[in-house]
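# Residue-level structural notes
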Amino acid sequence: MFRLYDRLLDVLAYAAVFLLFAIMVATGLDVGARYFFNRPIGWVIEFVQHSMLLMLFLGIGWLTRERGHVAVEILLDAVPKPLRRGMELAALLISGATSGFVGWWAAVATWDNYARGVVTEGIYPIPRHWLIGVIALGLLLTAIEFLRGAATLWTHPDTDVHQVEAELETVAAPPALAPGSET
Amino acid sequence: MAWYTALSLILGGVVVVMALGVPVAFAFLVVTTIGVFALQGGAGGFPQLILSIYSSVSSYSLVPIPLFILMGVVLWHSNLGQQAVDALDKWIGRVPGRLSLLTIASGSVFSALSGSTMANTAMLGSILLPEMRQRGYGRGLSMGPIMAGGGLAMMIPPSALAVILASIGRISIAKVLIAAIVPGIIMAILYTAYILWRAIRHPEEAPSYSIASATLGEKLGAAARYLLPLGVIIFSVSGLIVIGVATPNEAAALGALSSLGLAAAYRRLTWALLTKSLLDSMKITVMTFAIMAAATGFSQILAFSGATRGLLDAVLGIEVSPVVLVIGMNVIVFFLGCFMDQIAIMLITLPIFMPLVNSLGLDPVWFAIIMLINLETALMTPPFGLLLFIMKGVAPPGTTFMHIYSAAAPYVMLNILAMALLFVFPQIISGVLTAFRLG
C-alpha cells in the first residue's frame, strides 16, 4: 500500500516541479508581451501567486520523506546515543502532531471556504478552497511522513533520521567532473 | 503577561524546540500554534492561522527566490562553471596564491550568475580543490577562499537570501539587490588582498608552479567563447534591474531562461539536466518556503503578545546611541548565526529589529546590507555554518571540522572588517542607490 502512496508523493513533487517551470515561463512571456507588444498578460501575476503556494504544499510531503528539512543538530551531536534517539523520536512526533493538527484545521477551513463559496481576491477569481485544500493535503501528508519516520526509528533504532548532512554531501559531491579537472 | 515574559516564552520556546532537533519550519509552527491558542482565544484563532499561512507565500514578490536558485543549479549541473574557470585561468598570470585568486575571481563571476551559496561553493570546491591539493596548497589558501568565494553569492545579485531578507524586513527588494553589489565587490577585494599578503608571507602554503603561457589571441578567444556569453546573463539580471527596465521578478525569469538558453547553446541542455535542475531547485525552494510559511504567524504572535512593542519601548527608553544599538543587534545576529539557519535568524530578529531601525531614523537598506554580510558570515561560523558542511562534503578524507574552521576563520574576520567599513562609511550604500536613482 505504501508503494502506491509513495508514488502519490512522487507525482505531487513532479507537479511542484512543473509549476516551478511554469512560473519561469509565464513570467518570461509576460515580460516579452509587455515590452514587445505592449500588452502584459493579465493572468500571469495571479497564476504565479497561486503556483508559489501550490508548489510549497505539493512538494512538502515528498520533501519530508526525502528528509530535506533543515534542522539544528548541535545538541543532538553532543548527547549520548540513547538520549539522541529519544530526542529524535520526540522531534518526529512533535513535528508530526503539529503538522497533523494544523493540517486538520486547514481541512476545516477548506470545507468552510467551500460551503461559503469564497473566491480568491483579484481580477481572475478562483474558488479559494482549491488552494486551501492543497495546504491541508500537504500538511496531512507531511504528518504521515513524520509519523512514518518515527515508526521506522522505533523499529530500526539505527536509522539516520537527520539526513541534512548526508543531503548536503550529495549536493556537494563532485558531479561528473569535466575532463582535465582531475589533473 | 509582562512583555518580557511573553518574549522569553516565545523566543525560548522556539530555541528549545529547535534544539530538540525539530526541523526549523516545524519548530516555528509548534510555537505559533501554541501562541495562537494561548493568546487569541483558544481554537478560534486557528482559521486565521490557516489564512496567514495561505497568504505567506502566495506572493508575487517572492518569485525571484526559486528562479535565482534555479540559475545557480543550472550553472552547476551544466558544467558551465568549469569552462568559465578555465577561461579565467588563462587571464591570471604568475602571481602569489594564483589558484586562490582564481577561486575568488571565479566565485565573484559565479555569484553574478547564481543565487545559491550552496551551489556556488559546491561548484568551486569540486572544480578547484583537486588542483589546489595537487599543487600543495595549504588549507587556509584552498578551502578558505572556496567558502569565502562561494558565500559571495549571497551578496552579488542574483541573491535569493537578499530577496528573503528584503521581503521579511519589508524593504524594497530592488534596492537591497542593487545596494549589495558594491559591498560584495569590496569583500572580494579584501579577500584578494589577504590572499596576496598571506601567499607572499607564507610561500609554502601556495607553492608557485609553471603555467602554460597563453597568447593574447588564446586569452581573447577563451573570454569571447566562455566569459562573454555569461555576461548576457549578468546583464539580464543585475543590468536590467540597475537600468530600471525590469523588476526583480522579470529579471529573475529572464535570468533563469537565459541560463537554460546558454546551457542549450553549449549543447548541455538535456532532458536529464532540466529535470534534475528543476527538482533540486524545487527542493531548496520548498525547504525555504516551508520555514517562511510556518513562521508567518510568528511575528504576528510576537506583536500580539505585546513583546515587540514592549521591547521597542524599553530599548528606546534607555539612552543609548543608535550606533551602540546597531552594533548590539549585529552581535546578536552573529551569535545566532553560529547555531541557526539564516532564514530562521531573519524571522526571529527582523520583526523586532526593523521597527527599531525605523524608529531610530536609520536607513533600512543600509542596515539590511550590514545584516546580509553578517548572515553570510554565519555560513562560515562553527558549528552550524552551512558552507562548512559543504566543504566537508568535497574535502579530501581525513579533513576534520577543526581544519575547516581554521581555514574559514580569516575570512570571517574579513567579513567583520567589511561590516565595519559599511558601518563607518554608510555613504557606500546611499551613494550606490543615488547613483542608480533608487535613493
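Cut-off values and rules
- Residues numbered from 1 in each chain as written.
- Chains lettered and ligands numbered in written order.
- Predicted model: local features only at pLDDT ≥ 70, side-chain atom pairs only at ≥ 80, totals over all residues.
- Heavy atoms only, no water.
- Helix = DSSP H or I, 4+ residues; strand = E, 2+ residues; numbered from the N terminus.
- Buried < 20%, exposed > 50% of the residue type's maximum accessible area, 1.4 Å probe, protein only.
- Contact = heavy atoms within 4.5 Å.
- 1 Å grid on protein atoms, 1.4 Å probe; cavity = no way out; pocket = protein on both sides within 12 Å on 5 of 7 lines; lining within 4 Å.
- Points joined across faces, edges and corners; volume = space filled by probe spheres on them.
- Nonpolar A, V, L, I, M, F, W, Y, C, P; charged D, E, K, R; others polar.
- Patch = residues over 30% accessible without salt bridge, like charges linked within 9 Å, V, L, I, M, F, W, Y side chains within 5 Å.
- Areas by Shrake-Rupley, 256 points an atom, 1.4 Å probe, with all protein chains shown as cover.
- Salt bridge = Lys/Arg side-chain N within 4 Å of Asp/Glu carboxyl O.
- Core = buried A, V, L, I, M, F, W, Y, C linked by side-chain atoms within 4.5 Å.
- Polar contact = N/O pair within 3.5 Å; in protein donor to acceptor, adjacent residues only side chain to side chain.
- Buried area = accessible area lost by both parts, 1.4 Å probe.
- Phe/Tyr/Trp six-rings, centres within 6.5 Å; stacked < 30°, edge-to-face > 60°.
- Lys NZ or Arg CZ within 6 Å of the ring centre and 35° of its normal.
- Expected span 1.5 Å × (residues − 1).
- Axes fitted to C-alpha atoms, helices over the stretch in contact; angles between N-to-C directions.
- Parallel < 35°, antiparallel > 145°, perpendicular 65-115°, else oblique.
- Left-handed = near helix turned anticlockwise from the far one by under 90°.
- pLDDT = per-residue confidence, 0-100.

So, about the overall build of chain A. When you go through chain A residue by residue, the secondary structure sums to six helices and zero strands. Ordering the α and β elements of chain A from the N terminus gives α-α-α-α-α-α. Expressed as a percentage of the 183 residues in chain A, the buried residues total 50%. At a minimum sequence separation of 6, the contacts of chain A that also span at least 24 residues come to 74%.

A few words on the layout of surface pockets. Residue and element names in this part refer to chain B. Approximately 550 Å³ is the volume attributed to the second largest pocket. Lining the second largest pocket we find 20 residues, and of these S167, I168, R170, T296 and S299 sit closest to its centre. For the lining of the second largest pocket, the elements supplying multiple residues, two or more each, are α3 (46-57), α9 (160-168), α15 (296-304) and α18 (342-359). Sort the elements by how many residues they give to the lining of the second largest pocket and α18 lands first, with five residues. Its residues assigned to classes, the lining of the second largest pocket comprises 10 nonpolar, nine polar and one charged.

Now for a nonpolar patch on the surface. A surface patch of nonpolar side chains, amounting to about 710 Å² of accessible area, comprises Y35, F36 and F37 of chain A together with F235, I243 and V245 of chain B. If you trace the backbone, I243 of chain B turns up in the loop between α12 (216-242) and α13 (248-265). Judged by relative accessible area, which is 54%, I243 of chain B ranks as exposed.

Moving on, we come to the nonpolar core. One finds F28 and M147 of chain B to be the most contacted residues of the largest nonpolar core, which totals 223 residues. Beyond its immediate chain neighbours, meaning those up to four positions away, F28 of chain B contacts V14, M18, I291, A294, A295, F298, A344, L347 and I348 of chain B.

Time to look at the side chain of R84 of chain A. Residue and element names in this part refer to chain A. The residue R84 is located in helix α4 (residues 81-116) in this model. One polar contact links the side chain of R84 to the main-chain carbonyl oxygen of L76, over a distance of 3.4 Å. In contact with R84, other than residues within four places in its own chain, are E73, L76, D77 and V79.

Attention now goes to empty space enclosed by the protein. Empty space among the atoms becomes apparent when a probe as large as a water molecule is rolled across them. This structure, assessed with the given rule, holds five cavities of 30 Å³ or more. Taken as a whole, the second largest cavity spans an internal volume of roughly 90 Å³.

Let us now look at the pattern of salt bridges. All names here are of chain A. Enumeration according to the criterion identifies 16 salt bridges over all chains in this entry. The shortest N-O distance in the salt bridge between D10 and R65 comes to 2.7 Å. Residue D10 is located in helix α1 (residues 2-37), and its partner R65 is located in helix α2 (residues 44-65); the two are separated by 55 residues in the primary sequence. Residues D30 and R34 are paired through a salt bridge, measuring 3.0 Å at the closest nitrogen-oxygen approach. Taken as a pair, D30 and R34 lie in helix α1 at a separation of four residues, close to a single helical turn. You can call D30 buried: its relative accessible area is 3%. Taken together, the shared-partner salt bridges in this structure form one network comprising D6, R7, D10, R65, E66, E145 and R148.

This brings us to the interface of chain A and chain B. Many structure descriptions define interface size as the accessible area lost when the parts assemble. Taken together, the contacts link 69 residues of chain A with 67 residues of chain B. Around 6200 Å² of area is buried between chain A and chain B when both sides are counted, 81% of it from carbon and sulfur atoms. Of all residues in chain A, M24, V70 and V72 of chain A give up the largest surface area on contact with chain B, accounting jointly for 11% of the area buried on that side. Summed over the shared surface of chain A and chain B, the number is one salt bridge. Taking the shortest distance from any N to any O, the salt bridge between R34 of chain A and E250 of chain B comes out at 2.9 Å. Here the side of chain A that touches chain B gets 14 residues from one element, more than from any other, and that element is α1 of chain A. Residue composition of the side of chain A that touches chain B, grouped by class: 48 nonpolar, 14 polar and seven charged.

Here we come to the packing of aromatic side chains. Tallied over the full model, the rule gives 16 aromatic pairs over all chains. Plain terms: the ring middles of F37 of chain B and F46 of chain B are 6.3 Å apart, the flat faces sit at 25° to each other, and that makes the pair stacked. A connected cluster of aromatic rings, assembled from ring pairs, spans F101, W104 and W105 of chain A together with F37 and F46 of chain B. The ring of Y209 of chain B is capped by R135 of chain B, whose NZ or CZ atom sits 4.0 Å from the centre of that ring. Just above the ring of F401 of chain B sits the side chain of K392 of chain B; from NZ or CZ to the centre is 5.5 Å.

We now examine helix α2 (residues 24-39) of chain B. All names here are of chain B. Its 16 residues give α2 an end-to-end C-alpha distance of 22 Å, which sits within 8% of 22 Å, the value for a rise of 1.5 Å per residue. The element α2 is largely enclosed, with a buried count of 12 among its 16 residues. Turning to α2, its buried residues number three or more, namely V24, A25, F26, A27, F28, L29, V30, V31, T32, T33, G35 and V36. In the segment just after α2, G41 is the residue with positive phi, at about 70°.

Residue and element names in this part refer to chain B. Viewed as axis vectors pointing N to C, α9 and helix α19 (residues 364-378) meet at an angle of 135°, and their least axial separation amounts to 11 Å. Regarding the angle of α9 to α19, the classification is oblique. Between α9 and α19 lies a crossing of right-handed hand. For the pair formed by α9 and α19, the contact residues are L161, A162 and L165 on the first element and A368, M371 and L372 on the second. A breakdown of the residues in the contact of α9 with α19 according to their chemical character gives six nonpolar, no polar and no charged.

Residues and elements named next belong to chain B. The residue after P157, namely P158, is reached through a cis peptide bond having omega 0°. Of note, P158 is situated in the loop between α8 (139-151) and α9. Even without glycine at this site, R170 takes up a positive phi of about 55°. Among the structural elements, R170 can be located in the loop between α9 and α10 (173-179).

In this model helix α14 (residues 271-294) of chain B runs 34 Å from its N-terminal to its C-terminal C-alpha over 24 residues, within 8% of the 34 Å that 1.5 Å per residue would give. Across the 24 residues that make up α14 of chain B, a large majority, 17, are buried.

Moving on to the environment of M71 of chain B. Residues and elements named next belong to chain B. Here M71 is to be found in helix α4 (residues 64-77). For M71 and L311, which are 240 residues apart along the polypeptide, the C-alpha to C-alpha distance reads 40 Å. Setting aside its immediate chain neighbours within four residues, M71 contacts L113, P158, I233, V237, G255, A256 and S259.

Its place among the elements puts P229 of chain B in helix α12. Residues within four places of P229 of chain B in sequence aside, it is in contact with A223, A224, L262 and Y266 of chain B.

With 87% of its residues at a pLDDT of 70 or more, chain A shows a mean pLDDT of 85. Note on residues 164-183 of chain A: pLDDT under 50 across the span, and 36 contacts to partners over four residues away in sequence or across chains.

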